[in-house]
Amino acid sequence: MMSETNSSIQSTTGRAAPDFGADVIDGKAFAANLLQRIKQDVADLRATTGEVPGLAVVLVGEDPASAVYVASKRRETLAAGMNSFEHRLSEETTQAELLALIHRLNADPAVHGILVQLPLPGQLNSDAVIDAIDPAKDVDGFHVANAGRLAVGQQALVPCTPLGCVMLLKDRLGNLSGLHAVVVGRSNIVGKPMAQLLLQEDCTVTIAHRHSRDLASITRLADILVVAVGRPEMVKGDWIKPGATVIDVGINRISRHGKTRLVGDVDFAQAGHAKAITPVPGGVGPMTIGCLLENTLEAFRRARAPLLKSMKKVS
Ligand code: GUN
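Scope of this entry: the structure provided in the associated data block. Remember, it's a predicted structure, so these values are computed and weren't measured experimentally.

**Looking at the overall build of the protein**
Tallying secondary structure elements over the protein gives 10 helices and 11 strands in all. A globule of 315 residues ought to have a C-alpha radius of gyration of about 20 Å, and the protein, at 20 Å, matches this closely. Within the protein, buried positions represent 41% of all 315 residues. Sequence-distant contacts in the protein: of pairs separated by 6 or more residues, those separated by 24 or more amount to 71%.

**A look at helix H3 (residues 95-107)**
Here H3 spans 18 Å end to end across 13 residues, near enough to the 18 Å set by a 1.5 Å rise per residue. Leu98, Ile102 and Leu105 are the residues of H3 that are buried. Viewed end-on, H3 has its buried residues packed into an arc of 65°, placing them on one side of the element. Opposite the buried face of H3, by more than 90 degrees, sit the exposed residues Ala96, Ala100, Arg104 and Ala107. Against strand S2 (54-60), strand S3 (83-89), strand S4 (113-116) and helix H4 (126-132) lie the buried residues of H3.

**Details of the sheet that holds S3**
Two orientations exist for strands paired in a sheet by backbone hydrogen bonds: parallel and antiparallel. Overall, parallel pairing links the 3 strands, which are arranged S3-S2-S4 in an open sheet. The open sheet has two edge strands with one neighbour each: S3 and S4. Each neighbouring strand pair of the sheet contributes to a mean axis angle of 15°, computed without reference to strand direction. In the sheet, S2 pairs with S3 via 7 bridges, with the strands oriented parallel. Across the sheet, residue valine 57 finds its bridge partner in S3, namely glutamate 86. Along the sheet, helix H2 (residues 64-79) contacts S2 and S3; its crossing angle with S2, the most-contacted strand, is approximately 170°. Most of the contacts of H3 go to S2, to which it runs at about 175°, and overall it touches S2, S3 and S4.

**Thoughts on the environment of threonine 245**
Looking at where threonine 245 falls in the secondary structure, it is placed in strand S8 (residues 245-248). Spatially, the C-alpha atom of threonine 245 lies 13 Å from that of cysteine 203, the residues being 42 residues apart in sequence. Beyond its immediate stretch of four places on either side in the chain, threonine 245 contacts Leu169, Arg172, Leu173, Ile224, Ala274, Lys275 and Ala276.

**Re the packing of H2 against helix H9 (residues 287-303)**
Running from N to C, H2 and H9 cross one another at 55°; their axes reach a closest spacing of 10 Å. Taken as axis vectors, H2 and H9 run oblique relative to one another. Here H2 runs over H9; the crossing is right-handed. When H2 is examined against H9, the residues Ser72, Lys73, Glu76 and Thr77 are found in contact with a partner set consisting of Ile289, Leu292 and Leu293. Looking at the contact of H2 with H9, its residues break down into 3 nonpolar, 2 polar and 2 charged.

**Some details on the sheet that holds strand S11 (residues 276-277)**
Spatially, the 6 strands line up as an open sheet ordered S1-S11-S8-S7-S5-S6, and their pairing is parallel. Two strands close off the open sheet at either side, each with one partner strand: strand S1 (23-24) and strand S6 (204-208). Pairing geometry for strand S5 (residues 180-184) and strand S7 (residues 224-227), over 4 bridges, is parallel. Bridged to valine 184 within S7 is valine 227. Lying on the sheet, helix H7 (residues 191-200) is in contact with S5, S6 and S7; it crosses S6 at an angle near 170°.

**Considerations on unusual backbone geometry**
Along the chain, leucine 118 connects to proline 119 via a cis peptide bond; the corresponding omega equals 0°. Of the consecutive residues valine 280 and proline 281, the connecting peptide bond is found in the cis state with omega at 0°. One can find proline 281 in the loop between S11 and H9. The backbone of aspartate 214 sits at a positive phi, close to 45°, despite the residue not being glycine. One can find aspartate 214 in the loop between S6 and helix H8 (215-219).

Conventions adopted
Residues numbered from 1 in each chain as written. Predicted model: local features only at pLDDT ≥ 70, side-chain atom pairs only at ≥ 80, totals over all residues. Helix = DSSP H or I, 4+ residues; strand = E, 2+ residues; numbered from the N terminus. Rg over C-alpha atoms; globule rule 2.2 N^0.38 Å. Buried ≥ 20, exposed ≤ 12 C-beta atoms within 10 Å, placed from the backbone. Contact = placed C-beta atoms within 7 Å. Expected span 1.5 Å × (residues − 1). Arc of directions from axis to C-beta. Pairing = 2+ DSSP bridges. Axes fitted to C-alpha atoms, helices over the stretch in contact; angles between N-to-C directions. Parallel < 35°, antiparallel > 145°, perpendicular 65-115°, else oblique. Left-handed = near helix turned anticlockwise from the far one by under 90°. Nonpolar A, V, L, I, M, F, W, Y, C, P; charged D, E, K, R; others polar.

Here it is as structure tokens:
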């Protein structure tokens, strides 16, 4: 998933015309509150257990965009009071070397969350790498064990982007029960887990994708429209039902009038008749790191559950 951290990009947050009727959902402010709450929880845990959650991030190779994302993850991890363990491996790293590192991190009690930055260089098999991560430390929620648990409604670590989207939706709409949610895009990282989370909220869920016929007639049914396809401004105004809440997961870099800027998968300027919409940048993007740290905190709590329980009994 593309990140919003590139400072050379022109920000368009909140650049809505004065007669734009939809509320613009401020993901940046929501994420700042989330990070503040996580920081407080970490401080409380440090006070009660003497320990803090630890997040290990593995970066293989020199991809500049990945290096920027990893640096911002480290910055926010430390700002939340957690331990950050960064592992930078060369572009030539072999599958065996990477798996050996994962096994060490799985066994390290100071590491509660493991994230291997994707994409990996071509010689590496990312499915096998994700498979090797202990599901209890899989803070990306990409392991099949977590995907399966989510699908059957068991306790799981949930992919960060859909988790952030559901937080924004519940904050905005409260109870989502009975609403018709249309998810456009069926990736393992966003579309599929997003649909599972909305089902858990008792939505009626439709998943649409590149082969869906007459996509606009499907999206027009949505009370909640989540779009994660990676196609700049694909969803036009007449694809959106008046009063719908629109979550735009796309982050697309385009050149317009000689300037580079970020746009979503929804044509934002045409969405003024929605009830609310996330802007790009400044909507879903800022939520992702907050949710990563929330998952790390959750992984820590589950790992330390016996200790935390015994402390509660004492006090
Ligand atoms: N690369 C871009 N986004 C992500 C993410 O959310 N998780 C991982 N592991 N790699 C990424």
